Amino acid sequence: MPNKKHLMPAVCGLAAFALCYAGECFAQDSSLLRANGSGLAPQHVSFLYNELPPEARPRELAKNDIITVIVDYSTVFLSEGDAESRKTANLTAVLADWLRFDGKNLEPAPQSNGDPTISGNLNSQYRTESDIELRDSLRFRVAAKIVDIRPNGNLVLEAHQTINNNEEVWEISLTGVVRRESIQADRTVDSSAIAELRIVKNEEGQVRDGYARGWAKRFMDKIRFF
């Protein structure tokens, strides 16, 4: 009589083979997360779970939401030029024959004083040399508002900032388009991630008046007679 302990594995193996051969395989699932059919929430099974307060939960971006733009713009432009031109010309012209009109016919004119002669020299030299180096840097933070959401999800940003300090006035405007994925968790975005970026910065006051060009100077620099 075979031992029942030896027969149980064989019977279980035959049952499993029969189920798989029928087209479906079943296995034991002892997960507690499936105990109620829909699954348990993390707060029901974790001792470390701590729900965030409503103000700390991430919220979907919408129109009129505020995004902080970090502008860090710097450029370096170097240009050198050197041009030189020289020209030398010699001219010698002699009028050997001439004509005269006696009223009826044309005939050779006598040149009793000799043949007229023209002679001249032209020396021209032009040389120029230029060297320019420009360094621009612009760093600031500004709060921008979402004014539109494109069909593909990109955000259109617009920001305006005005600072008055006694007689000094600084006005900054910024516009551009940014992807949602470029927005950080703290709702900040770097200016390098903004497409169609346009920054306008205007200054007014005593400092600006000290180095600003007058209208006559601007006109002379534009015309450049010499």
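See the structure printed just above.
Being a predicted model, the structure only gives us computed values, none of them experimental.

K.L.:
Help me out: how do you make sense of the nonpolar core in this one?
P.N.:
General note: in soluble globular proteins, nonpolar side chains tend to be found buried as a group. Counting residues in hydrophobic clusters, the biggest one holds 18 residues, and the most contacted among them are Ile 67, Val 69, Leu 155, Leu 157, Val 178, Ile 183 and Val 189. Those elements that place two or more of their residues in this core are strand 1 (66-94), strand 4 (117-149), strand 5 (155-165) and strand 6 (168-178).

K.L.:
Teacher, can you tell me more about the side chain of Glu 168 here?
P.N.:
Position of Glu 168 among the secondary structure elements: in strand 6. Beyond its immediate stretch of four places on either side in the chain, Glu 168 contacts Ile 163, Glu 204, Gly 205, Gln 206, Val 207 and Arg 208.

K.L.:
Teacher, can you tell me more about the pairing of strand 4 here?
P.N.:
Across a regular strand the side chains alternate sides, sitting on one face of the sheet and then on the other. Where strand 1 and strand 4 come together, 29 bridges link them in antiparallel fashion. Paired with Val 76 across the strands is Arg 135, a residue of strand 4. One ladder, built from four bridges, connects strand 4 with strand 5; its direction is antiparallel. Note on strand 5: the bridge partner recorded for Ile 146 is Leu 157. What sits between strand 4 and strand 5 in their antiparallel hairpin is a turn of five residues, with Gly 153 showing a positive phi close to 100°.

K.L.:
So what exactly am I meant to see when it comes to the sheet that holds strand 1 here?
P.N.:
Whether parallel or antiparallel, the strands of a sheet pair through hydrogen bonds between backbone atoms. Pairing is mixed across the open sheet formed by six strands, whose spatial order is 7-1-4-5-6-8. Of all the strands in the sheet, the pair left with one neighbour each is strand 7 (188-190) and strand 8 (195-204). Mean inter-strand twist for the sheet, computed between neighbouring axes without regard to direction, equals 25°. Of the strand pairs in this sheet, strand 1 and strand 7 are connected by three bridges, and their pairing is parallel. Paired with Val 69 across the two strands is Val 189, which belongs to strand 7.

K.L.:
I'm lost on the environment of Arg 100 in this one. Help?
P.N.:
Looking at the secondary structure, you find Arg 100 in strand 2 (residues 99-101). Between the C-alpha atoms of Arg 100 and Pro 110, which are 10 residues apart in sequence, the distance is 8.8 Å. Contact partners of Arg 100, with chain neighbours within four places excluded, come to Asn 105, Leu 106, Glu 107, Pro 108, Ala 109 and Pro 110. A distance of 2.7 Å separates polar atoms of two side chains, one belonging to Arg 100 and the other to Glu 107.

K.L.:
Would you mind going over unusual backbone geometry with me for this structure?
P.N.:
Among all residues save glycine, negative phi is the norm, and among peptide bonds the norm is trans. For Arg 187, which is not glycine, the phi dihedral falls at a positive 60°. By the element assignment, Arg 187 lies in the loop between strand 6 and strand 7. Relative accessible area serves as the criterion here: at 21%, Arg 187 is assigned to the partly exposed category.

K.L.:
Is there a simple way to explain the pattern of salt bridges in this structure?
P.N.:
Think of it this way: side chains of opposite charge can pair up when their charged atoms draw near. Going through the model one piece at a time under the given rule, you end up with eight salt bridges. Asp 72 is the partner of Arg 139 in a salt bridge, and the nearest nitrogen-oxygen pair spans 3.0 Å. In this pair, Arg 139 is assigned in strand 4 and Asp 72 in strand 1, connecting sequence segments 67 residues apart. Accessibility expressed as a relative area gives 63% for Arg 139, which makes it exposed. With relative accessibility at 43%, the residue Asp 72 sits in the partly exposed group. Notably, a salt bridge pairs Glu 84 with Arg 86, separated by 3.3 Å at the nearest N-O pair. The exposure class of Glu 84 is partly exposed, given its relative accessible area of 46%.

What counts, and at which threshold
Residues numbered from 1 in each chain as written. Predicted model: local features only at pLDDT ≥ 70, side-chain atom pairs only at ≥ 80, totals over all residues. Heavy atoms only, no water. Core = buried A, V, L, I, M, F, W, Y, C linked by side-chain atoms within 4.5 Å. Buried < 20%, exposed > 50% of the residue type's maximum accessible area, 1.4 Å probe, protein only. Helix = DSSP H or I, 4+ residues; strand = E, 2+ residues; numbered from the N terminus. Contact = heavy atoms within 4.5 Å. Pairing = 2+ DSSP bridges. Axes fitted to C-alpha atoms, helices over the stretch in contact; angles between N-to-C directions. Polar contact = N/O pair within 3.5 Å; in protein donor to acceptor, adjacent residues only side chain to side chain. Salt bridge = Lys/Arg side-chain N within 4 Å of Asp/Glu carboxyl O.

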